[in-house]
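Notes for the structure review
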Amino acid sequence: MSHQKTLRRPVEFSGITLHSGDRVRVRLHPARHDSGITFVRSDVPGGRLRLRTARVVRADHATTLEGKGFTVTTVEHLLAALRTLGVDNALIELDGPEVPIMDGSAAPFVYLIKEAGTRRQRALRECLVLRDSVEIRDGDREIAIHPAERLKVSYTIDFPGTAVGRQSFSRTLFQKVFVDEIAPARTFCFLRDVAELRRRGLALGGSLDNAVVVDENGPMNKVRFADEFVRHKALDLIGDLALLGMPVMGHVVARKAGHALHARLVEALRLPGVAEKVALDESSAGHRIPAVAAASV
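Worth saying up front: this structure is predicted, and the values here are computed from it rather than measured.

Time to look at the nonpolar core. Among the nonpolar cores identified, the biggest contains 77 residues, and Phe39, Leu79, Ile143, Phe178, Leu241, Leu265 and Leu269 are the most heavily contacted of them. Residue contributions to this core peak at 7 residues, all from helix H5 (residues 228-241). With residues near it in sequence (within four places) discarded, Leu241 still touches Leu151, Val248, Val252, Leu265 and Val266. Residues Val129, Met249, Val278 and Leu280 belong to the second largest nonpolar core, which totals 5 residues.

Take a look at the structure:
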């Protein structure tokens, strides 16, 4: 059977945030079994937020969670790294409202989590198993999840008339696939949109050091993959699915989706009767679904 994990020791980092442009310090702490992921705003009295009950209040170019009188934003890259590297329980302490963007990808978080190490805990890990497919549409944008024995992500983006164009990416989410093929993909934007984003108070900390910027001639900085743009969307999706508080077994198919549709999918999966919690059996071949479900969600 698969057991829960936490960090072996604390690890700390700091950096500029993408949207507010502030410098924020973050410390990741080990946490007891069955506690899940918890955000703690050290600059806010009582600023404590449990991931498994968190509500997405904004999904505009980042995922923002709401606590009692405070928010935590741009959580998706860090959550993707924690979830995929198998960290079930951790306390994320930060002294500001936003997780630093680092280089725009999840690769720095992967490095930090590996540096901290993980340790097995006595409690068993649970996962979500679908009872049936879930589909959400919004005009020409759509996202669906279908029953499967492991998480698989298939994502398509389409920016006609730009150097990005149409890109598709599909992978079953083994840890090595995430670390090598998804985590290094950086956030991106179009140069034509930067002024409007900043007028709205977004991307104030954005630069060529933490984002791929695309102008009419193509990317202004060197890309890490020819399809880095769609890989980053897959990274965002993995981080947003981490809001469920446990692994989900299913094939997610997204087309021109984004954070808002990701959040709607998470809310749908939280509804009673949509999925079941089961203890996770782990073999050398990967995760396998037990025949008997433990509880409904």
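The discussion continues.
The 5 strands are arranged S2-S3-S9-S4-S5 in an open sheet whose pairing can be described as mixed. Each of the sheet's edge strands pairs with one partner strand only, and the pair in question is strand S2 (11-16) and strand S5 (48-50). Within the sheet, the average angular offset between the axes of one strand and its neighbour, ignoring direction, is 20 degrees. Two elements, S2 and strand S3 (residues 23-30), share 6 bridges in a ladder whose sense is antiparallel. Bridging from a neighbouring strand, Glu12 pairs with Arg27 of S3. Strands S3, strand S4 (37-41) and strand S9 (90-94) of the sheet are contacted by helix H1 (residues 76-84), whose axis makes an angle of about 145 degrees with S4.

In this section: the pattern of salt bridges. Taken as a whole and judged by the stated rule, the model has 23 salt bridges. Here the residues in one salt-bridge network are Glu135, Arg137, Glu142 and Arg255, joined through shared partners.

Turning to the packing of H1 against H5, a few remarks are in order. Where H1 contacts H5, the axes come no closer than 7 Å and their chain directions differ by 70 degrees. The orientation of H1 relative to H5 falls into the category roughly perpendicular. Mapping the contact onto sequence places Glu76, His77, Leu79, Ala80 and Thr84 in H1 and His232, Leu235, Asp236, Ile238, Gly239 and Asp240 in H5.

On the surface, Leu191, Leu208 and Met220 cluster together into a nonpolar patch covering about 260 Å² of accessible area. Turning to its location among the elements, Met220 is positioned in the loop between strand S18 (218-219) and H5. Note on Met220: relative accessible area 39%, which makes it partly exposed.

We now examine the side chain of Thr17. Checked against the element boundaries, Thr17 lands in the loop between S2 and S3. Overall, Thr17 belongs to the buried group, its relative accessible area being 0%. Among the polar contacts listed, one links the side chain of Thr17 to the side chain of Ser20, at a separation of 2.5 Å. Of the polar contacts made by the side chain of Thr17, one reaches the backbone nitrogen of Gly21; its length is 3.2 Å. Once you skip the residues sitting within four places of it in the chain, Thr17 turns out to touch Asp22, Val24, Glu98, Val99, Pro100, Ile101 and Gly205.

Rules behind the numbers
Residues numbered from 1 in each chain as written. Predicted model: local features only at pLDDT ≥ 70, side-chain atom pairs only at ≥ 80, totals over all residues. Heavy atoms only, no water. Core = buried A, V, L, I, M, F, W, Y, C linked by side-chain atoms within 4.5 Å. Buried < 20%, exposed > 50% of the residue type's maximum accessible area, 1.4 Å probe, protein only. Helix = DSSP H or I, 4+ residues; strand = E, 2+ residues; numbered from the N terminus. Contact = heavy atoms within 4.5 Å. Pairing = 2+ DSSP bridges. Axes fitted to C-alpha atoms, helices over the stretch in contact; angles between N-to-C directions. Salt bridge = Lys/Arg side-chain N within 4 Å of Asp/Glu carboxyl O. Parallel < 35°, antiparallel > 145°, perpendicular 65-115°, else oblique. Patch = residues over 30% accessible without salt bridge, like charges linked within 9 Å, V, L, I, M, F, W, Y side chains within 5 Å. Areas by Shrake-Rupley, 256 points an atom, 1.4 Å probe, with all protein chains shown as cover. Polar contact = N/O pair within 3.5 Å; in protein donor to acceptor, adjacent residues only side chain to side chain.

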